[in-house]
Amino acid sequence: ANPDTDADADPGSLRTPIVAVLGHVDHGKTSLLDKIRGSAVSEGEAGAITQHIGATAVPLDTVSSMAGDLVMADDFDLPGLLFIDTPGHHSFSTLRARGGALADIAVLVVDVNDGFQPQTEEALDILQRTGTPFVVAANKIDTTPGWNPQPDAPVQETYDSQSDRARQMLDENLYEIIGQLSDAGFSADLYWRVQNFQGNIGVVPVSAMTGEGIPDLLAVLMGLSQRYMKTEMEIDLGGPGKGTVLEVKDEKGFGATLDVVLYDGTVTEGDRIVVGGVEGPIVTEVRALLRPRALSEIRTEAEFERLDSVQAASGVKLAAPDLDDAMAGAPVRVVRGRHLEDVIGEVEAELSEIEVDTQEQGVVVKADTLGSLEAMANALREAEIPILRAEVGDVAPRDVAVASTATEAENRVILGFNVDVLSDAERELDRQDVRLFNHDVIYQLVEDYEEFVEERQREQQETVLDKIHRPARFRILEDHTFRQNNPAVVGVEILAGTIENNRRVAKFENGDAERIGELSGMQEQGEDVDEARAGSRVSVAIDGPTVGRDIEEGDELWIHLPEKHAKILEQELKEEIPADEREALNAYLEKMRKRDPFWGK
Ligand code: GDP
């Protein structure tokens, strides 16, 4: 390989398809990538793979020798596969391009024993939304009880050499996954039964540990790309480059650099480029194109080797002045041969696709990349969480100031996705009483926030409940008049609800509630108490009435409910109060509404 040119670029006009790996945590994404890279390296040829920035290129010849009979190099004219190194939907959604996903094709990894998990569903949503073709790698088949591993063998071969029992257990797990895909709205089957990969999802049983099924996975990826995406791979390889920023990174000796995945054209040292930045497009000039040094040369002084020029598809580090404000997930465009204004316009148009719907009231959102900002906005819209402002970048004091203007506690919140908090912002959070939620899993972030909101609402209800007069019904017991008046002291039994001291007491007469006095003391078994629950018997002192004239033994009495309180109880807190209290409330409302049907409404 010639280090000064792009070793894996085909001289023709077809570029390498970009492959992303997604799936639930621990289902084997990293292992699968390692296995593919490792097997490629152990195929032994020099240039078996090329380590790019953020991606690994596996050329067709290497794919073919790994896949054996399943991939005949002569049947393909695509140059190979470019695997994005960081698996997971974070990088997948960061790597957006042209309004969709940058990856041309995806592998959704599902643990055969574990089946669908939350991030599997989330990945499926993203794949569906971006219209990305994908295959399912049903991973860890080697963990099937009684499995007899056949390292690096194609599925059919290893399947045939298993016991009936092992085969049966694997089949059960595979059909479970196919069923789950179908529940999610995808028609799927084992890949060798799929005729039309455009309408159907192929499931490939694999083991990232033993390499079983990896030939099949590679064959399906190559076949899918060749068959359905060939036209998209036809690009002008020499044209002005187009790419997406994967990461903005400071490098010793270079300052801020961009890790870019180039999906179209060429970028050359000295090219003028336009990059999406926090404050809008940045125009600058490429000073250096860098790539990790090959393993064999790693002992040389520099970590990177310099390239004169790079062709799509490719991962490359780009050094240029003025990149501090560049955003991960933003577009990069080479200007070459075009009007600068037009290129700036293109970049602006792509940036504006990600503008988030904001409201007058809502939370502040910060995300590490444009793609994750978009994914956050989608997730929050689905969860009906309003957004006041959404931006790419770390949490700064300014964000805290914006969040602190909210009147509702549930909006005095910053939702951070995979961001850092600047130290002066940390202080402000405390001072301004703004809550920060920061996570690198979106559904977790949404869940944490929803829990917080519920908690706040519960607290609020509790304070309201504290202030509100609560309904209760009680009866004066026979032969329990201890004092006739000033105050009247009688024994009562509480029938429903809780009576509290200092509350007004009412009695229904002629269908109307009449206030007859106020509770001014309570004793339960000789002890002073402030309240008494349904079922208990207590003696109460009532200021106002006289026993024998205003009230009688056997009378049913009520805690008087102000209309406003009754309304709040019925409309907002009905589910929060105990059943017996609810019964007292309903009975009270019914009595009041006989007179006035709109009472408390
Ligand atoms: P990720 O979180 O999806 O990237 O998952 P990893 O690749 O880190 O794998 C999680 C765990 O599963 C690790 O302990 C792996 O060694 C193990 N693992 C992954 N693939 C396989 C497999 O095919 N067979 C077995 N037995 N273990 C696997």
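Residues numbered from 1 in each chain as written. Predicted model: local features only at pLDDT ≥ 70, side-chain atom pairs only at ≥ 80, totals over all residues.

By the naming in an unreviewed UniProt entry, the chain goes by Probable translation initiation factor IF-2 and is assigned to Halolamina salifodinae. If you open the UniProt record of the chain and go to Function (unreviewed entry), you find "Function in general translation initiation by promoting the binding of the formylmethionine-tRNA to ribosomes. Seems to function along with eIF-2." UniProt annotates the chain under Sequence similarities (unreviewed entry) with the comment "Belongs to the TRAFAC class translation factor GTPase superfamily. Classic translation factor GTPase family. IF-2 subfamily." (UniProt positions renumbered as here; feature names shortened; annotations may be inferred.)

With that out of the way, let us pick up the overall build of the chain. When its secondary structure is counted, the chain shows 15 helices and 32 strands. Each principal axis of the C-alpha atoms in the chain carries an extent, and together these give about 110 × 65 × 45 Å. Contacts in the chain between residues at least 24 apart in sequence constitute 71% of all its contacts with a sequence separation of at least 6. (Helix = DSSP H or I, 4+ residues; strand = E, 2+ residues; numbered from the N terminus. Contact = placed C-beta atoms within 7 Å.)

Attention now goes to the confidence of the model for the chain. Averaged over every residue, the pLDDT of the chain is 90; residues scoring 70 or more account for 95%. Confidence over residues 1–11 falls short of pLDDT 50; this stretch has 21 contacts with residues more than four positions distant or in other chains. Overall fold confidence (pTM) sits at 0.70, and the ipTM for the predicted complex is 0.99. (pLDDT = per-residue confidence, 0-100.)

If you trace the eight strands from one edge of the open sheet to the other, you get β15-β14-β20-β11-β12-β19-β16-β17, paired in antiparallel fashion. With partners counted over all chains shown, the strands left at the sheet margins are β15 (280–285) and β17 (304–307), one partner each. With strand direction ignored, the average angle separating the axes of adjacent strands in the sheet is 35°. Of the pairings in the sheet, the one linking strand β16 (residues 288–292) to strand β19 (residues 314–319) comprises three bridges and is antiparallel in character. From the neighbouring strand, Leu289 faces β19, where its bridge partner is Leu318. Packing against the sheet, helix α9 (residues 340–352) makes contact with β14 (272–277), β15 and β20 (331–334), and its axis sits at approximately 25° to β14. (Pairing = 2+ DSSP bridges. Axes fitted to C-alpha atoms, helices over the stretch in contact; angles between N-to-C directions.)

Attention shifts here to the packing of helix α11 (residues 397–404) against helix α12 (residues 423–432). At a closest axis distance of 8 Å, the pairing of α11 and α12 adopts a crossing angle of 20°. Of the possible angle classes, the one that applies to α11 and α12 is roughly parallel. The handedness of the crossing between α11 and α12 is right-handed. Within the contact between the two elements, α11 uses Pro397, Asp399, Val400 and Ser404 and α12 uses Asp424, Ala425, Glu428, Leu429 and Gln432. (Parallel < 35°, antiparallel > 145°, perpendicular 65-115°, else oblique. Left-handed = near helix turned anticlockwise from the far one by under 90°.)

Residues in close proximity to the ligand total 16 residues, the closest being Gly28, Lys29, Thr30, Ser31 and Met209. For the shell around the ligand, the leading source of residues is helix α1 (residues 29–42), giving three residues. Per-class residue counts for the shell around the ligand are four nonpolar, eight polar and four charged. (Near = placed C-beta within 6 Å. Nonpolar A, V, L, I, M, F, W, Y, C, P; charged D, E, K, R; others polar.)

Another point: the sheet that holds strand β22 (residues 387–392). Sheet architecture is open: four strands sit in the order β22-β21-β23-β24, paired in parallel fashion. Only two strands of the sheet have a single neighbouring strand rather than two, namely β22 and β24 (435–439). Sheet twist, expressed as the mean angle between neighbouring strand axes with direction ignored, is 15°. As judged from the five bridges shared by strand β21 (residues 363–367) and β22, these two strands associate in the parallel manner. What sits directly across from Ala367, in β22, is Val392. Here α11 sits on the sheet and contacts β21, β22 and β23 (413–417); the angle it forms with β21, its principal contact strand, is near 155°.

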